[in-house]
Structures are given as structure tokens and as C-alpha cells.
Amino acid sequence: EGHAGFPAYEFVLIRDATYATGSRVFVWFFNKVTGKDKDNKREDQATQSLNRIRVLPMEDGSIEFECNANLSISIKIPAVLMKIIPNKEKAEKTGGDSLCATLKGDIPCALSGFRQEYMNWRDIVKP
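Residues numbered from 1 in each chain as written. Predicted model: local features only at pLDDT ≥ 70, side-chain atom pairs only at ≥ 80, totals over all residues. Heavy atoms only, no water.

A separate point is the overall build of the protein chain. Check the secondary structure of the protein chain and you find three helices and three strands. In the protein chain, the order of α-helices and β-strands from amino to carboxyl end is β-α-β-β-α-α. Across the 127 residues of the protein chain, 14% fall into the buried class. Pairs at least 24 residues apart make up 61% of the contacts formed inside the protein chain by residues separated by at least 6 positions. (Helix = DSSP H or I, 4+ residues; strand = E, 2+ residues; numbered from the N terminus. Buried < 20%, exposed > 50% of the residue type's maximum accessible area, 1.4 Å probe, protein only. Contact = heavy atoms within 4.5 Å.)

A few words on the nonpolar core. In this structure, Phe 6, Ile 53, Val 55, Phe 114 and Tyr 118 together form the largest nonpolar core, which totals five residues. The set of elements that each furnish at least two residues to this core consists of β2 (45-57) and α3 (88-125). (Core = buried A, V, L, I, M, F, W, Y, C linked by side-chain atoms within 4.5 Å.)

Taken together, the buried positions of helix α1 (residues 24-34) are Phe 30, Val 33 and Thr 34. Taken around the axis of α1, the buried residues stretch over an arc of 85 degrees, which confines them to a single face. Counted as exposed and oriented over 90 degrees from the buried face of α1: Arg 24, Val 25 and Trp 28. Of the surrounding secondary structure, the elements contacted by the buried residues of α1 are α2 (79-84). One or two steps after α1, the chain reaches Gly 35, where phi turns positive at roughly 85 degrees. (Arc of directions from axis to C-beta.)

This is the structure:
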């Protein structure tokens, strides 16, 4: 339950998995580069995520939705791959920018769904 009896949701990422799908050549290359062909349980990536969405009542009687998210991704890149990456800082920035673009596309949809569920909840509890 959130502020003043309004609903709130909290999501915690418990586990993630890194794997490749697609053509056999791509999957083989991915497994070789990441070491997945030697140890399928190897921890190459650790992702931690905590997301909170809640409703905030405003002084004028309206409401606002607030979303706070913390995301941390740690990727272990094999030494053989590090040797062929010419600019590590640029690679990190490109990956970060790509992740941000994905999140910017996903978050409005998630908030829209939250808004709809709130309206459903409101219609049920409204006298």
C-alpha cells in the first residue's frame, strides 16, 4: 500500500539469464566469445533492478503517478573480446545509450498499464 491508502507496486528482479538465439553460427560465436560453451552456468552478467510505482494525492484532489527505478548491470567481458574492442569507453556509452532508449520505450507502456489498473481499482472502491 502506498501513500494515504493509495495502491503502490514494487518490482524486484530476482534472476536474469544471458543466452543467444538465432542462427547456429551466431549462437556458436556468442558461446565461444562469452565462454558459455565451457560452463553453461557461468555468471557473465549480474543485473539488479528495483522499481517502485505509486499514486500521490495532490492538494487540489487530483493524483499523480510516481515511478522510481534503480537498474544496475555488471557485464564480465572475456579477455579475448576486450582485445578487439578499440574504444572501451565508447562501447560502454553505446551500450548505456541503447539501454536508455529501450527503457524510454518501455516505461510509458508500463505506466499506462499502471494507470489503467489504478482506474479499475478506483472504480471498485469508489462509493
